[in-house]
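One letter stands for each residue in the lines below.
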Amino acid sequence: MAVSDDEFPLVQGGGSLLLAWQVRNRKVLVVGGGNVAAGRILNLLNADAKVTVITPSTGLHPEVHHRILKRQVTHIDRNFQPTDLEDPDITMVLTATDDPQASTQIYTLCKQKRIPVNVADVPPECDFYFGSVHRDGPLQVMVSTNGNGPKLANIVRKQIAETLPTNLGEAIVKVGTLRKRLRKVAPASSDGPKRMEWMTRVCETWSLEELCDMDEEDMENLLSHYAENKVMTYKELRGVPPPPEEREVFEEAFDGSFGWF
């Protein structure tokens, strides 16, 4: 069957597979204690990873020193040693040092042990890249230049963030709560397609401001119409009358009997 080239999305090679990697309670090694390491450590802690920092105490970045003092990370006060990779629980390794030779050695060892590794500022020695991230509660928006221009990614991220509503994270929290309650109403795996379609309609029918204003009663009332596959609007649930122009159209269309003009 012949199809046109523009019927399906165009393949654009050379990109990265962007994933939300779950490292919660997973062990991650960070080699280095400078400014770049501080940023990597914060990203990992925000993802609830168990972070081990391998670096001498001398010359620590103030933020890294703070994480160590607060016991937010485990600190090994020395330079990296090959035996540090013998722990089978290590999920990934990040290097952020000014020693290219040591970083390359770590990269080689990680490849031998099949451990994902990122060597800061050396794209060829990275299994994955870090992007510039905007965070608002559960919302995370990442911009990546695939190693070409980290500073540019930061600029683009800031411009994108400026266009987003300030209450977007709160709206997402409400949607997540409604989704969990829906699973209790329709728990069967066979209900999956209907649940997804119904939640999609809720997100498309309710504005971000309305989702932020959604309360417990609104959720219960919304879910009470799930069986009939109906999505009530915010105004319907709150009893808000339609605008004057909508009422005029209704009055002109309805002739007072059982029929319609």
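From a predicted model like this one, the values you see are computed outputs, not experimental measurements.

Thresholds applied
- Residues numbered from 1 in each chain as written.
- Predicted model: local features only at pLDDT ≥ 70, side-chain atom pairs only at ≥ 80, totals over all residues.
- Heavy atoms only, no water.
- UniProt positions renumbered as here; feature names shortened; annotations may be inferred.
- Helix = DSSP H or I, 4+ residues; strand = E, 2+ residues; numbered from the N terminus.
- Contact = heavy atoms within 4.5 Å.
- Polar contact = N/O pair within 3.5 Å; in protein donor to acceptor, adjacent residues only side chain to side chain.
- Pairing = 2+ DSSP bridges.
- Axes fitted to C-alpha atoms, helices over the stretch in contact; angles between N-to-C directions.
- Parallel < 35°, antiparallel > 145°, perpendicular 65-115°, else oblique.
- Left-handed = near helix turned anticlockwise from the far one by under 90°.
- Nonpolar A, V, L, I, M, F, W, Y, C, P; charged D, E, K, R; others polar.
- Phe/Tyr/Trp six-rings, centres within 6.5 Å; stacked < 30°, edge-to-face > 60°.
- Lys NZ or Arg CZ within 6 Å of the ring centre and 35° of its normal.
- Expected span 1.5 Å × (residues − 1).
- Domains from an automatic or database assignment.
- Buried area = accessible area lost by both parts, 1.4 Å probe.

S.K.: Help me out: how do you make sense of the UniProt feature "domain: Siroheme biosynthesis protein Met8 C-terminal" (unreviewed entry) in the protein chain in this one?
M.R.: The sites that UniProt annotates as "domain: Siroheme biosynthesis protein Met8 C-terminal" (unreviewed entry) are residues 165–231. Strand forms 0% of residues 165–231 and helix 69%; the C-alpha atoms that close the span are 24 Å apart.

S.K.: Would you mind showing me how to read the environment of aspartate 77 here?
M.R.: Structurally, the position occupied by aspartate 77 is in the loop between strand E3 (74–76) and strand E4 (90–95). Each C-alpha atom, one on aspartate 77 and one on threonine 55, is 5.5 Å from the other, the two residues being 22 residues apart in sequence. Beyond its immediate stretch of four places on either side in the chain, aspartate 77 contacts Thr55, Pro56 and Ser57. A polar side-chain atom of aspartate 77 sits 2.7 Å from the main-chain amide nitrogen of serine 57.

S.K.: Can you help me understand the sheet that holds E4 in this one?
M.R.: Read across the sheet, five strands follow the order E3-E2-E1-E4-E5 without closing on themselves; strand pairing throughout is parallel. In this open sheet, the two edge strands, each paired with only one partner strand, are E3 and strand E5 (117–119). Along the sheet, successive strands turn relative to each other by an average axial angle of 15°, direction set aside.

S.K.: Help me understand the packing of helix H5 (residues 168–185) against helix H6 (residues 192–205) in this model?
M.R.: Two quantities define a packed helix pair, namely the angle between the axes and the distance from one axis to the other. For the pair H5 and H6, interaxial distance at closest approach is 11 Å and the crossing angle is 150°. Relative to H6, the element H5 lies roughly antiparallel. The hand of the H5/H6 crossing is right-handed. Residues Val175, Leu178, Arg179, Leu182 and Arg183 of H5 pack against Arg195, Trp198, Met199, Val202 and Cys203 of H6. Residues of the contact of H5 with H6, tallied by class, amount to seven nonpolar, no polar and three charged.

S.K.: Which parts of the structure should I look at to understand the packing of aromatic side chains?
M.R.: Aromatic ring pairs are reported here in terms of the distance separating the ring centres and the angle at which the planes meet. With the rule as written, the count across this model stands at four aromatic pairs. The ring of tyrosine 226 carries the charged tip of lysine 194 above its face, separated from the ring centre by 4.5 Å.

S.K.: Explanation requested: H5 in the structure shown.
M.R.: Given 3.6 residues to a turn, an α-helix orients residues that are three or four positions apart in the same direction. Over its 18 residues, H5 runs 26 Å from end to end, which matches the ideal 26 Å to within 8%, given 1.5 Å per residue. Against strand E6 (132–136), strand E7 (139–143), H6, helix H7 (208–213) and helix H8 (216–223) lie the buried residues of H5.

S.K.: Can you help me understand the domain arrangement of the protein chain in this one?
M.R.: A common way to report how large an interface is uses the accessible area buried once the components associate. Annotation of the protein chain at the domain level lists domain 1 (27–130), domain 2 (132–164) and domain 3 (168–238). One C-alpha centre belongs to domain 2, the other to domain 3; they are set 29 Å apart. Tallying the contact residues gives four residues for domain 2 and four residues for domain 3. Buried area between domain 2 and domain 3, both sides added, is near 340 Å², and the carbon and sulfur share of it is 82%. On the domain 2 side of the contact with domain 3, Asp136, Pro138 and Leu139 bury the most area, a combined 85% of that side's loss. There are one residue pair in polar contact (both at pLDDT 80 or more) connecting domain 2 and domain 3. Among the residues forming the side of domain 2 that touches domain 3, the class breakdown is three nonpolar, no polar and one charged.

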